[in-house]
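Understanding the architecture of this molecule
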Amino acid sequence: MTSRYPTHWRKPPQILTHPVWRPIIWILAAVYLVLAIGSLEVNWVRVSEGLERGWRFVQGFLVPDFSSRWTDISIGLVESLTMTLTSTIVGILISVPIGIGAARNLSPAWMYMICRSIIAISRSLQEIIVAIFFVALFGFGPFAGFLTLSFATIGFLSKLLAEDIEDIDESQVEAIRATGAGFWQIINYAIQPQVMPRLVGLSLYRLDINFRESSVIGIVGAGGIGATLNTAIDRYEYDSAGAILIIIIMIVFAVEYSSSYIRRWLQ
Amino acid sequence: MLTIDSVGKTYGTGDKALTDISLTIEKGQVVGLIGPSGAGKSTLIRCINRLVEPSTGHIYLNDLDLVALDQNRLRQQRRRIGMIFQEFALVERLTVMENVLSGRLGYLPFWRTYLRRFPASDIENAYRLLDRVGLLDQADKRADALSGGQRQRVGIARALAQHPDLLLVDEPTASLDPKTSRQIMRLIVEICSDYHLPAIINIHDVPLALQFMQRIIGLRQGRVVFDGAPSELTESVLTTIYGAEDWTNMQKQHEDDLDSEADATARLGALRS
């Protein structure tokens, strides 16, 4: 039995459907690749040195030394965890009012502009730059890190909360407004129930981002496990550095798994 | 009781939703507002509690002009106007009880409602209303766990918890099946006569309106084109309101509904015998 229908099918090109442009772009890409590779100057001596150093690092990683620098590590860890938790909580407390103010469907235009500007400033500055700034202002240590992470949390949470508030089901708000409820009652009865699961989810997600960031900003002097890691690498103590990395990875795993579990449980 | 005096509404986009509407509704009167979609039914009832601000005209509830009120006094008047919605508009993630008690928000300070510390009389009344609509055992369920008909009953209880002087009802049966629609309409009409409540009910289903309303107002393109008893609602009037083609389609739709329901009853009967 033969069918009248074709047995062969290929997806037709979706962009650049013109038959001339496609080969031209392929040729240009190939020429660029050849030129780019030709412009590289590889210093093979440095490569071999680097490989050797990298290998020592890998060896340190394979035999991590938790004990000889344990006091430093535990101090760094406690600092990092404290910084993470406090900055997340402070960040949430500040983000909620700003998020409400930055929701177009709730706030007057002037309030909206102010809150969106705060969010824009917070989001436009990368954590490391903010950390350098706060370290310069308040000196080395976890306080600068706490401020940095709180500041970054505000931009992240307020923006996503505001967007979530803008996406809610307006009919529920209308119904509560029709009962004669005031502004805060509308927030509490019509908006909070709709955005709460997502707000909790985002806060947990931010907690886990803040822990990872706390180990990065430690390198520029904002305290925590990052500072300990930086010191260990500077002293060529790759076995201790390996131990610190393993601890960071384990904690990120733990936070990641528990937060995704809690988020699923909340839905 | 309620007097609407030459109310007009033009939306920001320039669409004229309502033109020169004047009506008076007496205490205890249940009025059906019919008309094709886009005729301004929803806009008109939302103008009354100013969920939509009317552009021109006055609306008097017990001789008080609602259009002239500032925000605070508007909130006080909204407490006296219960509203029932098309898609129920319950707060899905709150319990049935919280939804009913939310009818009391306008009467209580924020901290009490935030802590869910409602006065004993409000709680007692909420239970009484839930019993009245047949949901006493569902009080602690989340609203999104209920069926459509049950949700609309919660919506009715919430509106009644306000101790309203007036009920605004926006397409209460649009998201319900024909049988539940009739049950819900019957409940609303019974409650209105129990409490001697006036009500304005937007309804697109003409047979339902004929069955339950004491007075019918027909809107077409934002103007009142009919105002009278259901018995005066003749073929020619309905053709004016809906336009010839739509009216014929609606009749056909209604016959189909009746047929399929009769069919279902017959099959059920056959199964039982």
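Residues numbered from 1 in each chain as written. Chains lettered and ligands numbered in written order. Predicted model: local features only at pLDDT ≥ 70, side-chain atom pairs only at ≥ 80, totals over all residues. Heavy atoms only, no water.

1. Description of the packing of aromatic side chains
Applying the stated criterion across every chain yields a total of nine aromatic pairs over all chains. Pairing Phe143(A) with Phe146(A) gives two aromatic rings, centres 6.0 Å apart and planes at 35 degrees, and the pair type is tilted. Remark: Phe146(A) and Phe143(A) occur in helix α6 (residues 142–166); sequence separation between them is three residues, near one turn of the helix. With a relative accessible area of 45%, Phe143(A) lands in the partly exposed category. Pairwise contacts between aromatic rings join Phe133(A), Phe134(A), Phe138(A), Phe143(A) and Phe146(A) into one cluster. Over the ring of Tyr189(A) we find Arg116(B); its NZ or CZ atom is 4.1 Å from the centre of that ring. (Phe/Tyr/Trp six-rings, centres within 6.5 Å; stacked < 30°, edge-to-face > 60°. Helix = DSSP H or I, 4+ residues; strand = E, 2+ residues; numbered from the N terminus. Buried < 20%, exposed > 50% of the residue type's maximum accessible area, 1.4 Å probe, protein only. Lys NZ or Arg CZ within 6 Å of the ring centre and 35° of its normal.)

2. Remarks on the sheet that holds strand β9 (residues 215–220) of chain B
Adjacent strands of a sheet pair through backbone hydrogen bonds, lying either parallel or antiparallel. Residue and element names in this part refer to chain B. As summarised here, the arrangement of the six strands in space is β6-β7-β8-β3-β9-β10, forming an open sheet in which the pairing is mixed. Single-partner strands in this sheet number two, and they are β6 (81–84) and β10 (223–228). Taken pair by pair, the neighbouring strands of this sheet meet at an average axis angle of 20 degrees, ignoring direction. As defined by bridge partners, strand β7 (residues 166–170) adjoins strand β8 (residues 199–202) across four bridges and the pair is classed as parallel. (Pairing = 2+ DSSP bridges. Axes fitted to C-alpha atoms, helices over the stretch in contact; angles between N-to-C directions.)

3. So, the sheet that holds strand β2 (residues 16–25) of chain B
Residues and elements named next belong to chain B. Ordered in space as β2-β1-β4-β5, the four strands form an open sheet in which the pairing is antiparallel. Among the strands making up the open sheet, the edge pair consists of β2 and β5 (64–65). Helix α1 (residues 41–48) contacts β1 (2–10), β2 and β4 (56–61) of the sheet and is inclined by roughly 60 degrees relative to β2. (Contact = heavy atoms within 4.5 Å.)

4. Looking at the environment of Thr180(B)
Residue and element names in this part refer to chain B. Mapped onto the secondary structure, Thr180 falls in helix α7 (residues 178–195). Spatially, the C-alpha atoms of Thr180 and Gln152 are 9.9 Å apart, while their sequence positions differ by 28 residues. At 2.7 Å, the side chain of Thr180 and the side chain of Asp177 are in polar contact. (Polar contact = N/O pair within 3.5 Å; in protein donor to acceptor, adjacent residues only side chain to side chain.)

5. Quick look at the packing of helix α5 (residues 127–138) of chain A against α6(A)
Residue and element names in this part refer to chain A. Where α5 contacts α6, the axes come no closer than 8 Å and their chain directions differ by 140 degrees. With respect to their mutual orientation, α5 and α6 come out oblique. As α5 runs across α6, the sense of the crossing is right-handed. Of the residues in α6, those touching α5 at Glu127, Val130, Ala131, Phe134, Val135 and Phe138 are Phe143, Ala144, Leu147, Thr148, Phe151 and Ala152. Across the contact of α5 with α6, the residue classes tally to 10 nonpolar, one polar and one charged. (Parallel < 35°, antiparallel > 145°, perpendicular 65-115°, else oblique. Left-handed = near helix turned anticlockwise from the far one by under 90°. Nonpolar A, V, L, I, M, F, W, Y, C, P; charged D, E, K, R; others polar.)

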